[in-house]
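Coordinates in review
Listed here are the chains, written in short residue letters.
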Amino acid sequence: MNFSDKYQDVIKEARSLVQPALDLSAKMMREVAENSPSGLRERITQTVERPGKRLRSMLLFLLAKSNGETEDLTRMARAASSVEMLHLASLVHDDVIDRSEFRRGQSSMHSAFGNKIAVLAGDYMLAQSLIFVLEEEDRRIPKNLANAASSLVAGEILEIDHAGNTNISFEEYIQVIEGKTASLLVSCAKCGAILAGYSPEIVEDCGRLGLHFGIAFQIIDDILDYGVGAESLGKKNFEDLQNGLITLPMLLYFQKNSKEEMENFIKNAYEPSTANLIVEKLEMANCFEDAKNIAYSHLQKATEVLEKLPSNHINTLLKDFFEAMTERRN
């Protein structure tokens, strides 16, 4: 079995373990969409019902179940619905900013309905995401989600500020993805640990697990954006590069080679022949493999946290999940 097959098998097993919680969360989000104001109802329903991996929810649910105690399905589903709705709101806004025509293989909201509707729909979904946990008895959960929302916006602004900056440092790149991607996974991991009844120290440890998992997840996404090992992404290849975003594979190339020639190629990345040439140069410099190794090092740090949790089937499944993550294709 290759790693790609293992990744799919791990995802399938994880999903089967938490399917009741996933189903309840999906029901909660559909109800929010269907009860939206008439001008937003159809648009938000389409967004909520688009197929997605729900990896954030699965991480939250697995950690919530990892202590072996009786879980509260409703609290778990509300927390996950909050995370997923916040994530969807950010994607709607991202597509406006990036002028992306497609999301998960379908027309993005802004390309289908215009920027004004997309921005307002994203705002409404953001508000609804926090309403999901308004009555949560453990106030750490809404606080974590509010912090994630703030960090997500800060990360997106930082990314915009660095667009077109070929002098962005490795530290600045990590700072961007800690905000725009990892912050939500930090929140998922902490909420799962809180729902599992872990000590404050373990909750913080799980936050670090989410941080390293989130960084690794975004690095793999950045590799897939070049079309390397990708399948069914639901978006165009080279979208990041065409938007002026310098991600890890290109950063690693700049560490080893002159920027001048590559900067000229980047300006014409929308041309298929130039895009293919960029990939070829990065492959020859081992940039994709080096980036994958950095992602794997973060996944190892996430795995180290699992040693502090009870030894059981869910813990083993999470380890397998992290190990196979570098070989995901979408």
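Structure: above.
Below is a short write-up of the structure. Just so it is clear, the structure is predicted and the values come from calculations on it, not from any experiment. (Residues numbered from 1 in each chain as written. Predicted model: local features only at pLDDT ≥ 70, side-chain atom pairs only at ≥ 80, totals over all residues. Heavy atoms only, no water.)

**Let's talk about the overall build of the protein**
- On a plain count of helices and strands, the protein comes out with 15 helices and 2 strands.
- What you see for the protein is a C-alpha radius of gyration of 20 Å, in line with the 20 Å of a compact globule of 330 residues.
- Along the longest, intermediate and shortest principal axes, the C-alpha atoms of the protein span 60 × 50 × 35 Å.
- For the protein, restricting intrachain contacts to residue pairs at least 6 apart in sequence, the fraction spanning at least 24 positions comes to 75%.
- In the form shown here, the protein has an accessible surface area of approximately 14,700 Å², with 49% of it arising from carbon and sulfur atoms.
- Each charge class in the protein was averaged separately, 36 positive and 49 negative side chains, and the resulting centres sit 3 Å apart. (Helix = DSSP H or I, 4+ residues; strand = E, 2+ residues; numbered from the N terminus. Rg over C-alpha atoms; globule rule 2.2 N^0.38 Å. Contact = heavy atoms within 4.5 Å. Areas by Shrake-Rupley, 256 points an atom, 1.4 Å probe, with all protein chains shown as cover. Lys, Arg positive; Asp, Glu negative; His and termini not counted. Charge placed at Lys NZ, Arg CZ, Asp CG, Glu CD.)

**Description of the pattern of salt bridges**
- As enumerated under the stated definition, the model contains 13 salt bridges in all.
- Of the charged contacts in the structure, one is a salt bridge between Lys 256 and Asp 290, with a shortest N-O distance of 2.7 Å. Here Lys 256, found in helix H11 (residues 248-256), pairs with Asp 290, found in helix H14 (residues 287-306); they are 34 residues apart in sequence, far enough to count as distant.
- For Lys 256, a relative accessible area of 46% translates into the label partly exposed.
- On the accessibility criterion, Asp 290 (26% relative accessible area) is partly exposed.
- Through salt bridges with shared partners, a single network forms among Arg 75, Glu 136 and Glu 137. (Salt bridge = Lys/Arg side-chain N within 4 Å of Asp/Glu carboxyl O. Buried < 20%, exposed > 50% of the residue type's maximum accessible area, 1.4 Å probe, protein only.)

**Focus: helix H15 (residues 313-324)**
- Under the 1.5 Å per step criterion, the end-to-end length of H15 is 17 Å for 12 residues, consistent within 8% with the ideal 16 Å.
- Along H15, the positions that sit buried rather than exposed are Ile 314, Asn 315, Leu 317, Leu 318, Phe 321, Phe 322 and Ala 324.
- The residue sitting at the N-terminus of H15 and contributing the capping side-chain oxygen is Asn 312; that oxygen lies 3.2 Å from the backbone nitrogen of Ile 314. (Expected span 1.5 Å × (residues − 1). Polar contact = N/O pair within 3.5 Å; in protein donor to acceptor, adjacent residues only side chain to side chain.)

**Looking at the packing of helix H4 (residues 73-98) against helix H7 (residues 140-162)**
- It is the contact of H4 with H7, at a shortest axis distance of 11 Å, that shows an interaxial angle of 15 degrees. Taken together, the axes of H4 and H7 are roughly parallel relative to one another. H4 and H7 meet at a crossing whose hand is right-handed. Contacts from Arg 75, Ala 79, Ser 82, Val 83, Leu 86, Ser 90, Asp 94 and Ile 97 of H4 reach H7 at Ile 141, Leu 145, Ala 149, Leu 152, Glu 156 and Ile 160.
- Residues of the contact of H4 with H7, tallied by class, amount to 9 nonpolar, 2 polar and 3 charged. (Axes fitted to C-alpha atoms, helices over the stretch in contact; angles between N-to-C directions. Parallel < 35°, antiparallel > 145°, perpendicular 65-115°, else oblique. Left-handed = near helix turned anticlockwise from the far one by under 90°. Nonpolar A, V, L, I, M, F, W, Y, C, P; charged D, E, K, R; others polar.)

**Let's talk about the packing of aromatic side chains**
- Taken as a whole and judged by the stated rule, the model has 6 aromatic pairs.
- Here the aromatic rings of Phe 213 and Phe 217 are separated by 6.3 Å at their centres, their planes lie at 45 degrees, and the arrangement is tilted. With Phe 213 and Phe 217 both in helix H9 (residues 200-224), this residue pair falls 4 residues apart, about one helical turn.
- Taking relative accessible area as the criterion, Phe 213 reaches 0% and is therefore assigned buried. (Phe/Tyr/Trp six-rings, centres within 6.5 Å; stacked < 30°, edge-to-face > 60°.)

**Remarks on the packing of helix H3 (residues 55-65) against H4**
- Put simply, H3 and H4 touch, their axes get as near as 9 Å, and they point 155 degrees apart. Classed by the angle they form, the pair H3 and H4 counts as roughly antiparallel. Once H3 is placed against H4, the crossing between them reads as right-handed. Facing Arg 56, Ser 57, Leu 60, Phe 61, Ala 64 and Lys 65 of H3, the residues of H4 in contact are Met 76, Ala 77, Ala 79, Ala 80, Val 83, Glu 84 and His 87.
- Of the residues belonging to the contact of H3 with H4, the class tally is 8 nonpolar, 2 polar and 3 charged.

**Considerations on the state of the cysteines**
- One pass over the structure, following the stated rule, counts 0 disulfides.
- Here Cys 206 stays unpaired: no disulfide links it, and the sulfur of Cys 191, its closest cysteine neighbor, is 11 Å away.
- By relative accessible area, Cys 206 is classed as buried at 0%. (Disulfide = S-S within 2.5 Å.)

**Some words on unusual backbone geometry**
- Its identity as a non-glycine residue notwithstanding, Arg 54 has a phi of 60 degrees, on the positive side.
- Structurally, Arg 54 can be placed in the loop between helix H2 (38-48) and H3.
- For Arg 54, a relative accessible area of 16% translates into the label buried.
- Of note, the phi angle at Asn 286 is positive, near 60 degrees, even though the residue is not glycine.
- By relative accessible area, Asn 286 is classed as partly exposed at 46%.

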